[in-house]
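Architecture at a glance
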Amino acid sequence: MSYRSYPKLELHLHLEGGAPPAFIRGLAKEKGIDIHKIFDEQGGYAYRDFDHFLRVYEAACTTLQGPEDFRRLVLAVLEESASNGVIYSETFLSPDFCGGGDLEAWRDYLGAMTDAAAQAERDFGITLKGIITCIRHNGPEQAKTAARCAVETKGDFITGFGMAGAEMMGRPGDFAYSFDMAREAGLRITCHAGEWGGPDMVADTIRDLRPERIGHGINAAKDLALVDEIAEQGIVLEVCPGSNVFLNAVESWEAHPIRLLRDRGVKVTVSTDDPPFFHTTMTREYDMLAEKYGWDETDFAALNQTALEAAFCDVATRERIAKKLEAAQ
Ligand code: HPA
Ligand code: ZN
């Protein structure tokens, strides 16, 4: 049995990381860019470890050169998500890849992406919201340009601000200016932490950047007092088990701390992160949770409810998605 048609919400998806390899190969061919090195013999993305993954990711992004490419990307990614039962999705968008942080360029990219999201809603029945992310390894100064893009284009579609990239570069507090700016403008806050960093990185992120949600956060499980604090504060974890196993952030599905976190009262959600890079889909995540942990529709309904409550969307959207879930679950 597969949970493909079961309705799902996804809160942690990097837009470019959702690009099917064939889509990137097509763009490379159109533009005469040679990136054959980033693919393996089967045509999938090839990389050795997380740092290399980030470089391959950035090489793939060199084929995405204008608003029209991002319009096509949003459609390709959402068609795939919808075919896996996803009815609501939030995606990380980086102005660093869309005009390099220039606000006017960013507005053009964003216009194309919001058009595509509206078209995907009509054609595939999936709702998308955007979370602008700064890229940690590009440093705190570049992060300010992303935060400025976020503040200036906040609205119905851009609802949040966060940080992706190499987690072990710098400390969370280095980025406090950008996060303060975003929070003060009313953007909702999430941040990658505790995928590679230990409990101290998660604790510093909570203290210095004050996120409502944390991307991954799994290494918090190594400090139970911190786990209890996360539970108490109601901070939601965007857990991506398939990504963690594929990148060796954890040893195996069996060793993954998602059950421990959930059992101790932490609000957990499940996402794919960068699905083709990690050979996963939302269907596979749910199927693996069922196979490895015996999770069933009761558990999945609870995941959906947590994700719905933690979604960075307006009340009307939340109510609309709640009705859709009720009808489909
Ligand atoms: N983790 C951190 N940064 C990223 C990722 C990821 O999976 N994908 C793109 N940027
Ligand atoms: Zn991520």
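Values in this document were obtained by computation on a predicted structure and should not be read as measured data. (Residues numbered from 1 in each chain as written. Chains lettered and ligands numbered in written order. Predicted model: local features only at pLDDT ≥ 70, side-chain atom pairs only at ≥ 80, totals over all residues. Heavy atoms only, no water.)

1. What about the environment of Ala-82?
- Within the secondary structure, Ala-82 is located in helix α3 (residues 67-83).
- Along the backbone, Ala-82 and Cys-61 are 21 residues apart, and their C-alpha atoms lie at a distance of 23 Å.
- Sequence-distant contacts of Ala-82, defined by excluding residues within four places in its chain, comprise Phe-124 and Ile-126. (Helix = DSSP H or I, 4+ residues; strand = E, 2+ residues; numbered from the N terminus. Contact = heavy atoms within 4.5 Å.)

2. Structural notes on the domain arrangement of the chain
- Under the domain assignment, the chain is made up of domain 1 (19-65) and domain 2 (66-328).
- Each of domain 1 and domain 2 was reduced to a C-alpha centroid, and the two centroids are 22 Å apart.
- Listed as interface residues are 19 residues of domain 1 and, on the opposing side, 20 residues of domain 2.
- Interface of domain 1 and domain 2: buried area, both sides summed, is about 1800 Å²; carbon and sulfur atoms make up 71% of it.
- Summed over the shared surface of domain 1 and domain 2, the result is two salt bridges.
- Measuring nitrogen to oxygen at the nearest pair gives 2.9 Å for the salt bridge that ties Glu-30 to Arg-72.
- Counting across the domain 1 and domain 2 interface gives six residue pairs in polar contact (both at pLDDT 80 or more).
- If you list the elements that add at least two residues to the side of domain 1 that touches domain 2, you get α1 (21-31) and α2 (50-61).
- With seven residues, α2 is the largest single contributor of residues to the side of domain 1 that touches domain 2.
- Residue composition of the side of domain 1 that touches domain 2, by class: 14 nonpolar, two polar and three charged. (Domains from an automatic or database assignment. Buried area = accessible area lost by both parts, 1.4 Å probe. Salt bridge = Lys/Arg side-chain N within 4 Å of Asp/Glu carboxyl O. Polar contact = N/O pair within 3.5 Å; in protein donor to acceptor, adjacent residues only side chain to side chain. Nonpolar A, V, L, I, M, F, W, Y, C, P; charged D, E, K, R; others polar.)

3. Thoughts on the packing of aromatic side chains
- If you walk through the whole model with that rule in mind, you get 22 aromatic pairs.
- Seen from their ring centres, Tyr-3 and Tyr-6 are 5.9 Å apart, and the 85° between their planes marks the pair as edge-to-face.
- Owing to a relative accessible area of 7%, Tyr-6 belongs among the buried residues under this scheme.
- Members of the aromatic cluster, connected to one another through ring pairs, are Phe-39, Tyr-45, Tyr-47, Phe-50, Phe-53, Tyr-57, Phe-97, Trp-196, Phe-246, Phe-277 and Phe-278.
- Above the face of the Phe-312 ring, Arg-213 is positioned so that its terminal group lies 3.8 Å from the ring centre.
- The ring centre of Trp-295 lies 4.1 Å from the NZ or CZ of Arg-262, which sits over that ring. (Phe/Tyr/Trp six-rings, centres within 6.5 Å; stacked < 30°, edge-to-face > 60°. Buried < 20%, exposed > 50% of the residue type's maximum accessible area, 1.4 Å probe, protein only. Lys NZ or Arg CZ within 6 Å of the ring centre and 35° of its normal.)

4. Focus: the packing of α1 against α3
- The geometry of α1 relative to α3 is characterised by a closest axis approach of 11 Å and an angle of 160° between their N-to-C directions. The orientation of α1 with respect to α3, classified from their angle, is roughly antiparallel. Our pair here, α1 against α3, has a crossing hand that is right-handed. Where α1 approaches α3, its residues Phe-23, Leu-27, Glu-30 and Lys-31 are matched on the opposing element by Asp-69, Arg-72, Leu-73 and Ala-76.
- Residues that form the contact of α1 with α3 fall into these classes: four nonpolar, no polar and four charged. (Axes fitted to C-alpha atoms, helices over the stretch in contact; angles between N-to-C directions. Parallel < 35°, antiparallel > 145°, perpendicular 65-115°, else oblique. Left-handed = near helix turned anticlockwise from the far one by under 90°.)

5. Quick notes on helix α12 (residues 297-310)
- Over its 14 residues, α12 extends 20 Å from the first C-alpha to the last, a length consistent with the 20 Å expected when each residue adds 1.5 Å.
- Here α12 has its buried residues at Asp-299, Phe-300, Leu-303, Asn-304, Thr-306, Ala-307, Leu-308 and Ala-310.
- Looking at where α12 begins, the residue whose side-chain oxygen comes 3.0 Å from the main-chain nitrogen of Thr-298 is Asp-296. (Expected span 1.5 Å × (residues − 1).)

6. Overview of the pairing of strand β6 (residues 213-216)
- In this sheet, β6 lies alongside strand β5 (residues 188-193) in parallel orientation, the contact comprising four bridges. Paired with His-192 across the two strands is Gly-215, which belongs to β6.
- For the segment spanning β5, helix α7 (residues 199-209) and β6, crossover handedness is right-handed.
- In terms of strand pairing, β6 meets strand β7 (residues 236-239) through three bridges, oriented parallel. Bridge pairing in β7 places Arg-213 opposite Val-236. (Pairing = 2+ DSSP bridges. Right-handed = clockwise from strand over helix to strand, strands pointing away.)

7. Digging into the state of the cysteines
- Here the structure, examined in full by the defined rule, presents zero disulfides.
- Cysteine Cys-134 remains unbridged, with the sulfur of Cys-191 as its closest cysteine sulfur at 7.2 Å.
- On the accessibility criterion, Cys-134 (0% relative accessible area) is buried.
- Cys-313 takes part in no disulfide bond, and the closest cysteine sulfur, belonging to Cys-240, lies 19 Å away. (Disulfide = S-S within 2.5 Å.)

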